[in-house]
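Single-letter residue listing:
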Amino acid sequence: MSPRQRRPAAAPAGPAFDDRRTSQAIGAMATAFVVGGVATWLALGAARNARVRPAGPADGAPLMRAPLQVVAPVDLQRYAGIWHEQARLPNRFQKTCSGPVTAEYTPQPDGTVQVVNRCVRADGNFNEAIGTARVAPVAGQPGAGRLEVRFAPAWLGWLPMVWADYWILKLDRDYQVALVGTPDREYLWVLSRAPRLDDAALQVELDYARSLGFDADKVVLTGR
């Protein structure tokens, strides 16, 4: 063969085409695409649900507490007399009280109750506040222990804001120990006929108050 008739050079050899391997690769890519699309769709759906789902306890929303119930019926004639405070949640009205505290209730002819609160200050002198309590009727519960107390002058009695809640939440059958509080759970008192209630009986009252949602760990113990 003459030089002018040389055969053209053969093309460089490349990798052999494997139908099986290529099909597997394409199938894997398709599967990844489908799985990724489904995952993205699920993630977007979850995000939409998170935006429209109402808040619940798992989302940090506060748990709703059951409304407080009062003792019914309460005989105000038997409830009358002197009660000795054993414990209370701190409040601005009794900041200067450092010694014994008493509350005296006297029924009046018009159906109201005179209230006289006294306490001993650190200097040994007394603080005294005189007010009026009235029954706040509860539908379906005649004689319920839901009262309102006013210490403002009588001529201001027509103003709703001068009346404060006084709810009898627990009362023994002999009218010897009472647990009194407010529906917002900001105020609490443990009262007894005896000047000093024994520690075990006091703890029973505080445990019950705690079960109602009061922060019993913050109470001030009176005269102890």
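Right above here is the structure, for reference.
Residues numbered from 1 in each chain as written. Predicted model: local features only at pLDDT ≥ 70, side-chain atom pairs only at ≥ 80, totals over all residues. Heavy atoms only, no water.

A. The arrangement of the pairing of strand β6 (residues 163–171) in detail. In terms of strand pairing, strand β5 (residues 146–150) meets β6 through five bridges, oriented antiparallel. Bridged to Leu-147 within β6 is Tyr-166. When β6 meets strand β7 (residues 177–181), the two strands line up antiparallel, connected through four bridges. Of the residues in β7, the one forming a bridge with Leu-171 is Ala-178. Between β6 and β7, which pair antiparallel one after the other, the connecting turn spans five residues, and Tyr-175 there sits at a positive phi close to 55°. (Pairing = 2+ DSSP bridges. Helix = DSSP H or I, 4+ residues; strand = E, 2+ residues; numbered from the N terminus.)

B. Here's a closer look at the pattern of salt bridges. All chains considered together, the criterion is met by 10 salt bridges. Note that Arg-118 is salt-bridged to Glu-128, the shortest N-O span being 2.7 Å. Highlighted residues: Arg-118 in strand β3 (residues 113–121) and Glu-128 in strand β4 (residues 126–135), separated in sequence by 10 residues. A salt bridge links Asp-217 to Arg-210; the shortest N-O distance between them is 2.9 Å. A relative accessible area of 33% places Arg-210 in the partly exposed class. When salt bridges that share partners are traced, they join Glu-104, Arg-118 and Glu-128 into one network. (Salt bridge = Lys/Arg side-chain N within 4 Å of Asp/Glu carboxyl O. Buried < 20%, exposed > 50% of the residue type's maximum accessible area, 1.4 Å probe, protein only.)

C. Representation of the nonpolar core. Residues Tyr-79, Tyr-105, Tyr-166, Leu-171 and Leu-191 are the most contacted members of the largest nonpolar core, which totals 19 residues. At the level of elements, β2 (97–107), β3, β5, β6, β7 and β8 (188–192) are the ones that each hand at least two residues to this core. At three residues, the largest contribution of residues to this core is made by β6. Filtering out sequence-adjacent residues up to four positions away, Tyr-79 remains in contact with Val-74, Tyr-105, Tyr-166, Ile-168, Leu-171, Tyr-175, Ala-178, Val-180, Leu-191 and Arg-193. The next biggest cluster of nonpolar side chains, apart from the first, holds 18 residues, and it includes Leu-89, Ala-144, Trp-167 and Ala-209. (Core = buried A, V, L, I, M, F, W, Y, C linked by side-chain atoms within 4.5 Å. Contact = heavy atoms within 4.5 Å.)

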